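Listed below are the residues making up each chain.
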Amino acid sequence: MQDYTAIREEVAKLCAAFPGPYWQAKDKRREYPSEFVAALGEAGYLAALIPEEYGGAGLPLSAAAAILEEIQRQGCNGGAVHAQMYVMGTVLRHGSEEQKARYLPRVATGELRLQAFGVTEPTSGTDTLSLKTTARREGDHYIVNGQKLWTSRAEHSDLMILLARTTPREEVASRTEGLSVFLVDMKEALAAGTLSIRPIDTMMNHATTEVFFDNMRIPAANLIGEEGKGFRYILSGMNAERLLIAAECIGDAKWFIEKASGYAKERVLFGRPIGQNQGVQFPIARAYAQMRAAELLVHDGIAKYEAGENAGAEANMAKMLAAEASWAAGEACIQTHGGFGFAAEYDIERKFRETRLYQVAPISTNMILSYVAEHVLGMPRSY
Ligand SMILES: Cc1cc2nc3c(=O)[nH]c(=O)nc-3n(C[C@H](O)[C@H](O)[C@H](O)COP(=O)(O)OP(=O)(O)OC[C@H]3O[C@@H](n4cnc5c(N)ncnc54)[C@H](O)[C@@H]3O)c2cc1C
């Protein structure tokens, strides 16, 4: 896979303007890193995957992965922006020419932010097909009612990709039918009072929310693809999402490993560096081996994805292994630093909290194991 050295160096340079104290202050106040997001947007990174004809850079998934990995490796947090990279595919692959021409150029310039992804609901969670939010056709509009949970960045986004039920579950032949995807103009709905957003306070600074739809009107022109086929469209974007999140975890793991091994070389106790003790070395070395193995699978998955092959198995396994590697690296890093690992000024405890998410969201480990068991190994379906 191409290394994108020049892009990585530029991203690293940009990130240097947002050092630890910037993130610590944001984390403490639970503030969205608007300045960082604006800088990424101005430099064109958020438009990496938008084709050149719509004003983007037209880069492949591997480049987006390199950008997100580098952001994490530099100690920053791509959670504030990564959704635009992975929801973009839904619009690109399934949106109409008219929708792409209307929205993508403005997303590319940063005038519109496509950062919100409304799938999870309070009572369905992982069981997406049981979601309850409805979109009922009325003339040339759909009327949406329901609630989404964990809709991250909703307060900092202009557009949302929304999955809602357009045909009741009991009226469709297959359980995967009857759901549709919409591109929602959130600012319009907020102004109309039909969309409301409530922030959720979480253990890390992730700007996540719950959103409520009260007779929200969406023009029928904002339906993406065919009505009733939305679940398929969301699924088709999941491999890219898994691979990009895995790349972020690789970046986190590298950050933790560099911090831990650096500190182990410098911290002197009992007259020698603590890193001279194998009890200190081995957890860091093990995390490094885990990270490298996961990284190879991320590259393998991306290569398959870019070749137009089904990367489902690799994307899922890469996401699981990379999230576990970043957690192992975080654990080794905090242990190596002893008490200092808990001090906010070292950034370790912040990154430790941030990286834990990726074993749960956007998909939890059990669901990945279930995919591997059933789709790769052919064992019976469990649900
Ligand atoms: C900070 C944060 C940000 C998020 N951002 C978004 C977002 O922007 N948009 C969005 O749509 N969603 C978002 N999510 C939701 C996220 O995708 C879900 O939390 C995740 O998919 C798990 O769903 P759940 O929380 O409902 O857990 P549940 O589905 O309730 O599952 C709970 C636990 O049970 C396990 N489990 C469930 N069923 C089975 C089974 N059959 N076999 C074995 N184990 C099982 C799960 O693996 C999990 O560990 C976010 C979540 C968080 C925490």
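Residues numbered from 1 in each chain as written. Predicted model: local features only at pLDDT ≥ 70, side-chain atom pairs only at ≥ 80, totals over all residues. Heavy atoms only, no water.

- In the annotation of an unreviewed UniProt entry, the chain is listed under the name Acyl-CoA dehydrogenase and assigned to Sphingopyxis flava.
- Per UniProt, the chain has the following entry under Sequence similarities (unreviewed entry): "Belongs to the acyl-CoA dehydrogenase family."
- According to its UniProt record, the chain has this under Cofactor (unreviewed entry): "FAD". (UniProt positions renumbered as here; feature names shortened; annotations may be inferred.)

### What about the overall build of the chain?
Then, number 1: If you tally the helices and strands in the chain, you get 12 helices and 10 strands.
Then, number 2: For 383 residues, the compact-globule estimate of 2.2 N^0.38 gives 21 Å, and the C-alpha radius of gyration of the chain, at 21 Å, lies within 12% of that figure.
Then, number 3: With respect to the principal axes defined by its C-alpha atoms, the chain has extents near 80 × 50 × 40 Å.
Then, number 4: For the chain, the residues scored as buried account for 54% of the 383 residues in total.
Then, number 5: A separation of at least 24 residues holds for 72% of the contacts in the chain among residues at least 6 apart in sequence.
Then, number 6: Counting every atom, the chain has about 16,700 Å² of accessible surface; 54% of that belongs to carbon and sulfur.
Then, number 7: In the chain, 40 positive and 47 negative side-chain charges are present, and the distance between their average locations comes to 4 Å. (Helix = DSSP H or I, 4+ residues; strand = E, 2+ residues; numbered from the N terminus. Rg over C-alpha atoms; globule rule 2.2 N^0.38 Å. Buried < 20%, exposed > 50% of the residue type's maximum accessible area, 1.4 Å probe, protein only. Contact = heavy atoms within 4.5 Å. Areas by Shrake-Rupley, 256 points an atom, 1.4 Å probe, with all protein chains shown as cover. Lys, Arg positive; Asp, Glu negative; His and termini not counted. Charge placed at Lys NZ, Arg CZ, Asp CG, Glu CD.)

### Re helix H8 (residues 230–266)
Then, number 1: Spanning 37 residues, H8 covers 54 Å between terminal C-alpha atoms, matching the ideal 54 Å at 1.5 Å per step.
Then, number 2: Maximum bend of H8: about 35°, positioned at Met238. (Expected span 1.5 Å × (residues − 1). Bend = angle between axes of the 7 residues up to and from the residue.)

### Some words on the side chain of Ser152
Then, number 1: Tracing the sequence through the fold places Ser152 in the loop between strand E3 (141–149) and strand E4 (159–165).
Then, number 2: When its relative accessible area of 10% is taken as the criterion, Ser152 is described as buried.

### Comments concerning the site of the ligand
Then, number 1: Among the 19 residues in the neighbourhood of the ligand, the closest are listed as Phe117, Thr120, Thr126, Trp150 and Ser364.
Then, number 2: Between a nitrogen atom of the ligand and a side-chain N or O atom of Asn366, the distance comes to 2.9 Å.
Then, number 3: Burial of the ligand by the surrounding chains reaches 65%, relative to a free accessible area of 970 Å².
Then, number 4: The residue inventory of the shell around the ligand, partitioned by class, reads 10 nonpolar, 8 polar and 1 charged.
Then, number 5: Looking at which domains feed residues into the shell around the ligand, each of domain 2 (114–228) and domain 3 (232–376) gives three or more. (Near = heavy atom within 4 Å. Polar contact = N/O pair within 3.5 Å; in protein donor to acceptor, adjacent residues only side chain to side chain. Nonpolar A, V, L, I, M, F, W, Y, C, P; charged D, E, K, R; others polar. Domains from an automatic or database assignment.)

### What about the pattern of salt bridges?
Then, number 1: Taken as a whole and assessed by the stated rule, the structure comprises 30 salt bridges.
Then, number 2: A salt bridge links Glu295 to Arg292; the shortest N-O distance between them is 2.5 Å. Of this pair, Glu295 and Arg292 are both found in helix H9 (residues 278–306), 3 residues apart, which corresponds to roughly one turn of the helix.
Then, number 3: Classification of Glu295 by relative accessible area gives buried; the value is 7%.
Then, number 4: Assessed through its relative accessible area of 34%, Arg292 is described here as partly exposed.
Then, number 5: Taking the shortest distance from any N to any O, the salt bridge between Glu314 and Lys304 comes out at 2.8 Å. You can see Glu314 sitting in helix H10 (residues 312–336) and its partner Lys304 sitting in helix H9, a full 10 residues away along the chain.
Then, number 6: On the basis of relative accessible area, Glu314 is assigned to the buried category, the value being 10%.
Then, number 7: Of the residues examined, Lys304 reaches a relative accessible area of 24% and is grouped as partly exposed. (Salt bridge = Lys/Arg side-chain N within 4 Å of Asp/Glu carboxyl O.)

### A closer look at helix H2 (residues 20–29)
Then, number 1: For H2, the full list of buried residues reads Gly20, Tyr22, Trp23, Lys26 and Asp27. Take H2 and look down its axis: the buried residues cluster within an arc of 160°, on one side only. Away from its buried face, by an angle of more than 90 degrees, H2 presents the exposed residues Pro21, Lys28 and Arg29.
Then, number 2: Where H2 is buried, its residues meet helix H3 (34–42) and helix H11 (348–356).
Then, number 3: Arg30 sits one or two positions beyond H2 and adopts a positive phi of about 50°. (Arc of directions from axis to C-beta.)

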